[in-house]
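Residue-level structure breakdown
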Amino acid sequence: MKPPAFKYIAARTVEEALGVLGSEGERAKILAGGQSLTPMLNFRLAHPEILVDINRIRELEFIAEGDGDLAIGCLTRHRTIETSNSIRTQCPILSAAAEQVAHLAIRTRGTFGGSLAHADPAAEFPVIALLLDATMNIRGPKGTRSLPAKEFFVSLFSTALQPDELLVEVRIPQWPAGRGWGFRELSRRPGDFAIAIVAAVVTMERGKFKEVRISMGGVGSTALRASKAEQLLKGQPPDDGALQAAGQAASEAADPPHDIHGSAEFRRNAVEVLTRRALKDAIERASTS
Amino acid sequence: MSDKHTIKVKVNGITYERDVESRLLLGDFLRENLNLTGTHFGCEHGVCGACTVLLNGQSIRSCLMFAVQADGREITTVEGLGDPEHMHPLQQSFWDNHGLQCGFCTPGMLMTAFDLVRNYALETDEDIRLGLSGNICRCTGYQNIVTAVREALKVLREKPMA
């Protein structure tokens, strides 16, 4: 189908974009990569009266280092993240996640900030943002505010962003030396929305888990941290029993939907298996200090 | 409520100045306004790949971009890849290796393959399949498409093009 009519504004600055959002509120929607929004318009599931195109605001497209943190501008394309050598060295799990996002043509246009602001529960980047405790920097009429990822994702396709705000930058804390990672996504075909995702990072100390983080996607109304599973592993050696227990705890923390791609029970089972595999990958990649 | 904008877009090397409604999709602009009907619409939501064109040399879905957004930009469609008398090695290889039947997915396959061969290391058939995974074909079962890309790669590695 074809999209409904709307007024189009190509913003040249963040101030201009915020100005439109401020005066038009819910009537206006930000157009970034458009890879999630445009399908909704084509299906006529969304009818924004005004689209504010931010693609010309080049200052929003960057990958930089800020006080040791990794700073990524909201307009940074998935493809840029996928192919960035600096991200591969500074945050390898983000590169791995980027490779799984949809298909090449989608990754050329889709943006990091757009994916996070869209907050699809089966998307890859919210899982990573939650896993690594990213900070979301948001600009609004009153200035900038920062939110930790866990406060940013509220519900299905719903974030803490107000109608007059723009997510401008995401900061990921510095990757500690010796940390290993695992990223496992289950989907019917490469590029499909995930049936389940489990992402894990670990650091080991004297053969035992020191830092453990486990995050899941596709199994709740938002990405979820498997906190109980994380607690079970801290200070434990990485034996099969521990991984089994972690997998089970993660599966119990999931609240999966039931749809044509899989039942809730299937997704819970997927989480259990993917958790063990992601942890195994992370342990293998971790190096003892 | 719908507004019109004047845009200047370079398509296959030629600059066009046109007035378009905001909601006009890039793919419709190419097909209806410029008569470049090589680009096809299959799903109109980004999953089938039939509408794939190049924006500044990189593959995008023309069903997920508005023509207004292409103002000042360069688009390449399958018509810009080559013509029957001077086929691009990819087109020649699809011909030689029977990489199409009805031809509906083919322009999308070619534009995606073009992006892949220029920007990604394709060492195995698996790499080719993964790279083309965003393009759906209902006729061929994909094998000859993969062969076509693999054989074209051999030609391109011997004689790289701009």
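Since we're looking at a predicted model, the values are computed, not measured. (Residues numbered from 1 in each chain as written. Chains lettered and ligands numbered in written order. Predicted model: local features only at pLDDT ≥ 70, side-chain atom pairs only at ≥ 80, totals over all residues.)

Quick look at the overall build of chain A
Each helix and strand counted, chain A has 12 helices and 14 strands in total. Taken over the C-alpha trace, chain A has a radius of gyration of 19 Å; the compact-globule value for 289 residues is 19 Å, and the two agree within 12%. If one aligns the C-alpha atoms of chain A with their principal axes, the spans along those axes are about 60 × 45 × 30 Å. Residues classed as buried in chain A amount to 52% of the 289 residues present. Pairs at least 24 apart in sequence give 64% of the contacts found in chain A among residues at least 6 apart. (Helix = DSSP H or I, 4+ residues; strand = E, 2+ residues; numbered from the N terminus. Rg over C-alpha atoms; globule rule 2.2 N^0.38 Å. Buried ≥ 20, exposed ≤ 12 C-beta atoms within 10 Å, placed from the backbone. Contact = placed C-beta atoms within 7 Å.)

Points about the overall build of chain B
Helix and strand counts for chain B come out as five helices and five strands. Mapped in sequence order, the helices and strands of chain B form the string β-β-α-β-β-β-α-α-α-α. Relative to the compact-globule value of 15 Å for 162 residues, chain B shows a C-alpha radius of gyration of 16 Å, a close match. Viewed in the frame of its principal axes, chain B has a C-alpha envelope of about 50 × 30 × 25 Å. Residue burial in chain B is summarised as follows: out of 162 residues, 48% are buried.

Let's talk about the nonpolar core
Counting 140 residues, the largest nonpolar core has A196, V198, M216 and A250 of chain A as its most contacted members. When residues no more than four places from it in sequence are discounted, the contact partners of M216 of chain A are V127, A196, I197, V198, A223, L224, A226, A250, A254 and V271 of chain A. (Core = buried A, V, L, I, M, F, W, Y, C linked by C-beta atoms within 7 Å.)

Looking at the interface of chain A and chain B
Taken together, the contact between chain A and chain B spans 25 residues of the former and 26 residues of the latter. Counting only elements with at least two residues in the side of chain A that touches chain B, the list comes to β1 (7-10), α2 (37-42) and α6 (104-109) of chain A. Broken down by element, the side of chain A that touches chain B gets its largest block of residues, five residues, from α6 of chain A. In terms of residue class, the side of chain A that touches chain B is made up of 12 nonpolar, eight polar and five charged. (Nonpolar A, V, L, I, M, F, W, Y, C, P; charged D, E, K, R; others polar.)

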